[in-house]
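Residues per chain are reported as follows:
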Amino acid sequence: MDDTLLSRVEEVYLRFVSLDRFPVGKCKDVTDALKVLGLKQVGGWFQVDGPIPDLGIRPKHNWSELEDVIIDLTAAQFNPWLTEPVQPGILIINPQDPLYRKYLRVKDIMFC
C-alpha cells in the first residue's frame, strides 16, 4: 500500500474512531468508506478464541483487501474473545501473519 492510500485510510479511521462504541458493529460502514478508495470489500467470519454470547466463535465480519493483504480497522472489537488481542487502529495483515487465518471469507467456507 502506498503512502497516499495509507493516508486516506487513516482519514477514514479518524472519521469513525470518534463514533460511540467504535469499533463495535461498525465494520460494514468502515468497509463501505474504504471501498470508495478502491479497496475490495470482503464479508465472512472472524475466528475468535472463545465464544461470544449469542454469536459463537465465528461472528460475521466485514473487512477490506488490497490484492492479498487484509486491511481491518475494526478487528479490535473482538479483543475480549482473543487470547492475543490486536492493537486498536489500522491493521494491515499479510498472508504470512498468523492473524490472517482468523479471517474466513464466505468463499472459503464449505456448506453441506
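Since the model is a prediction, treat every value here as computed from it, not as a measurement. (Residues numbered from 1 in each chain as written. Predicted model: local features only at pLDDT ≥ 70, side-chain atom pairs only at ≥ 80, totals over all residues. Heavy atoms only, no water.)

Undergrad: Would you mind showing me how to read the pattern of salt bridges here?
TA: Opposite charge on two side chains allows them to pair when their charged atoms are near. Overall, the coordinates contain 3 salt bridges when judged by the stated rule. The salt bridge partner of D32 is K28, with a shortest N-O separation of 2.8 Å. Of this pair, D32 and K28 both sit in helix α2 (residues 27-35), 4 residues apart, which is roughly one turn of that helix. (Salt bridge = Lys/Arg side-chain N within 4 Å of Asp/Glu carboxyl O. Helix = DSSP H or I, 4+ residues; strand = E, 2+ residues; numbered from the N terminus.)

Undergrad: Quick question: what am I supposed to make of α2 here?
TA: An α-helix turns once per 3.6 residues; consequently, residues spaced three or four apart project the same way. Inspection of α2 places C27, V30, T31, A33 and L34 among the buried residues, and these make up the whole buried set. When α2 is viewed along its axis, its buried side chains cluster within an angular range of 155 degrees and face the same direction. Elements that come into contact with the buried residues of α2 comprise α1 (3-17), β1 (40-46) and β2 (60-66). (Buried < 20%, exposed > 50% of the residue type's maximum accessible area, 1.4 Å probe, protein only. Arc of directions from axis to C-beta. Contact = heavy atoms within 4.5 Å.)

Undergrad: Got a minute to help me understand the sheet that holds strand β3 (residues 69-72) in this structure?
TA: With respect to topology, 5 strands assemble into an open sheet ordered β4-β3-β2-β1-β5, the strand pairing being antiparallel. Each edge of the open sheet is held by one strand with a lone partner, namely β4 (91-93) and β5 (103-105). Within the sheet, the average angular offset between the axes of one strand and its neighbour, ignoring direction, is 45 degrees. Across 3 bridges, the pairing between β3 and β4 is antiparallel. Paired with I70 across the strands is I93, a residue of β4. The strands that α2 touches are β1 and β2; relative to β2, the one it contacts most, it runs at about 20 degrees. (Pairing = 2+ DSSP bridges. Axes fitted to C-alpha atoms, helices over the stretch in contact; angles between N-to-C directions.)

Undergrad: How do you make sense of the packing of α1 against α2 when you look at a structure like this?
TA: When two helices pack together, you describe them by how their axes are tilted relative to each other and by the distance separating the axes. Packing of α1 against α2 leaves a shortest axis separation of 10 Å and a crossing angle of 150 degrees. Considering the relative orientation of α1 and α2, their crossing is right-handed. Every residue of α2 that contacts α1 at V9, V12, R15 and F16 is listed here: D29, V30, A33 and L34. Here the contact of α1 with α2 is built from residues that sort into 6 nonpolar, no polar and 2 charged. (Left-handed = near helix turned anticlockwise from the far one by under 90°. Nonpolar A, V, L, I, M, F, W, Y, C, P; charged D, E, K, R; others polar.)

Undergrad: I would appreciate a short explanation of the pairing of β3 in the present structure.
TA: Side chains V69 and I71 of β3 all project onto a buried face; the interleaved residues I70 and D72 project onto the opposite face, where all are buried too. Note: β2 against β3, 3 bridges, orientation antiparallel. Bridge pairing in β3 links S64 to I71. The antiparallel pairing of β2 with β3 creates a hairpin that spans 2 residues between the two strands, and E67 there sits at a positive phi of about 60 degrees.

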